[in-house]
Amino acid sequence: MNRRERLENIIAILKKEYGESKVMLNYNTPFELLIAVILSAQCTDKRVNMVTKEMYKIVNTPEGFANMEVEEIEKLIKSTGFYRNKAKNIKQCSIDIIEKYDGKVPMNMDDLINLAGVGRKTANVVMGDITKEPEGIVVDTHVKRLSNRIGFVKTNNPIIIERELMKWVPKKYWFDYPNLLIRHGRAICKARKAECNKCGINEYCKKNI
DNA sequence: CTCCCGATAT
DNA sequence: ATATCAGGAG
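Residues numbered from 1 in each chain as written. Chains lettered and ligands numbered in written order. Predicted model: local features only at pLDDT ≥ 70, side-chain atom pairs only at ≥ 80, totals over all residues. Heavy atoms only, no water.

In the nomenclature of an unreviewed UniProt entry, chain A is known as Endonuclease III of Hypnocyclicus thermotrophus. Check the Catalytic activity (unreviewed entry) section of the UniProt entry for chain A; it says "2'-deoxyribonucleotide-(2'-deoxyribose 5'-phosphate)-2'-deoxyribonucleotide-DNA = a 3'-end 2'-deoxyribonucleotide-(2,3-dehydro-2,3-deoxyribose 5'-phosphate)-DNA + a 5'-end 5'-phospho-2'-deoxyribonucleoside-DNA + H(+)". Note on chain A: under the UniProt heading Sequence similarities (unreviewed entry), the record states "Belongs to the Nth/MutY family." (UniProt positions renumbered as here; feature names shortened; annotations may be inferred.)

Structure, rendered in structure tokens:
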């Protein structure tokens, strides 16, 4: 079986197990999603949802964050970690969105990654969930780990992983592939203790081929 | 490459 | 006690 067939089977099985692909982060607007994804760096989405639930009652617009002191934002997001960088980025990012994009989150890769605290991963997540047509493939810690374990790539460099996957993964899967791998990575194929006995795609994994 | 960093699982 | 969590910037 070639890797393309393995990919098709893996996606079909995971789709059946986890259902519709969608981020687990809670949001009501593209801007709320952008901030949630910035906060999700090295932090569980569960924690991010706890923080944003309370924070968005107080501020949930670029204008709101742009007019706040960085220290105020720090207090609101402290429990997500990296809070000094994230607070500074959220404020600058909000200012940029107001000044350069008329207060609306831009929906293309070039503009998104020029925002403070936004890299390719964050941009792909936001674009993917809003438009369902990402310009690239999200490579986070789970996609990195599972892509290596399955045997699709042999590197830990996220940029190289994305470039390699984009070469042969059909574009129609650029949204589903990372979303399903992330769900599977959190539930079964975990970093610390992978539960291979419960894994539905075990026969397509590198170690069993 | 290093640094940023609190919360949680193991 | 240590690894890990939907990373990004310098």
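From this point, the narrative continues.
Attention shifts here to the protein's contact with DNA strand B. Taken together, Gln42, Arg47, Lys78, Ser79, Gly81, Phe82, Tyr83, Arg84, Asn85 and Arg192 make up the full set of residues near DNA strand B. By atom count, sugar and phosphate contribute 57% of the portion of DNA strand B lying within 4 Å of the protein. In this structure, a sugar or linking oxygen belonging to DNA strand B sits 2.5 Å away from a side-chain N or O atom of Arg47. Separating a sugar or linking oxygen of DNA strand B from a backbone N or O atom of Phe82 is a distance of 3.0 Å. At 3 residues, helix H6 (residues 83-101) tops the list of elements feeding residues into the surface near DNA strand B. Broken down by class, the residue content of the surface near DNA strand B amounts to 2 nonpolar, 4 polar and 4 charged. (Near = heavy atom within 4 Å. Polar contact = N/O pair within 3.5 Å; in protein donor to acceptor, adjacent residues only side chain to side chain. Helix = DSSP H or I, 4+ residues; strand = E, 2+ residues; numbered from the N terminus. Nonpolar A, V, L, I, M, F, W, Y, C, P; charged D, E, K, R; others polar.)

With that settled, the discussion passes to the UniProt feature "domain: HhH-GPD" (unreviewed entry) in chain A. Under the local residue numbering, the UniProt record ascribes the feature "domain: HhH-GPD" (unreviewed entry) to residues 39-187. Helix makes up 65% of residues 39-187 and strand makes up 0%, while its end C-alpha atoms are separated by 21 Å.

A separate point is the nonpolar core. Ranked by internal contacts, the top residues of the largest apolar core, which has 35 residues, are Leu34, Ile35, Leu39, Met55, Phe65, Ile77 and Ile90. Of all the secondary-structure elements, those providing two or more residues to this core are helix H2 (30-39), helix H3 (45-58), helix H5 (70-77), H6, helix H7 (109-113) and helix H8 (120-131). Excluding residues within four positions of it along the chain, Leu39 makes contact with Val48, Val51, Thr52, Met55, Ile77, Thr80, Lys86 and Ile90. Counting residues in each nonpolar core, the second largest holds 26 residues, with Ile11, Ile150, Leu165 and Ile188 among its members. (Core = buried A, V, L, I, M, F, W, Y, C linked by side-chain atoms within 4.5 Å. Buried < 20%, exposed > 50% of the residue type's maximum accessible area, 1.4 Å probe, protein only. Contact = heavy atoms within 4.5 Å.)

When its volume is computed, the largest pocket comes out at roughly 1,100 Å³. Along the walls of the largest pocket sit 43 residues, with Ser40, Ala41, Lys121, Asp140 and Thr141 positioned nearest its centre. Looking at the lining of the largest pocket, the elements that each hand over two or more residues are H2, H6, H8, helix H9 (141-150), helix H10 (158-168) and helix H11 (176-187). Here the lining of the largest pocket takes 7 residues from H8, the largest share from any one element. Among the residues forming the lining of the largest pocket, the class breakdown is 19 nonpolar, 13 polar and 11 charged. (1 Å grid on protein atoms, 1.4 Å probe; cavity = no way out; pocket = protein on both sides within 12 Å on 5 of 7 lines; lining within 4 Å. Points joined across faces, edges and corners; volume = space filled by probe spheres on them.)

Quick look at the UniProt feature "binding site: [4Fe-4S] cluster" (unreviewed entry) in chain A now. When the UniProt feature table is mapped onto this chain, "binding site: [4Fe-4S] cluster" (unreviewed entry) is found at Cys189, Cys196, Cys199 and Cys205. Their sequence span is 17 residues, while the largest C-alpha to C-alpha distance among them is just 10.9 Å; these annotated residues converge on one region. Restricting the annotated residues just mentioned to those that line the second largest pocket leaves Cys189, Cys196, Cys199 and Cys205. On the secondary structure map, Cys199 appears in the segment after H11. Residue classification places Cys199 among the buried positions, given a relative accessible area of 18%. Residue contacts for Cys199: discarding those within four places in its chain leaves His184 and Ile188. Of note, Cys205 is situated in the segment after H11. On the accessibility criterion, Cys205 (13% relative accessible area) is buried. Setting aside residues no more than four positions away along its own chain, Cys205 makes contact with Arg149 and Ile150.

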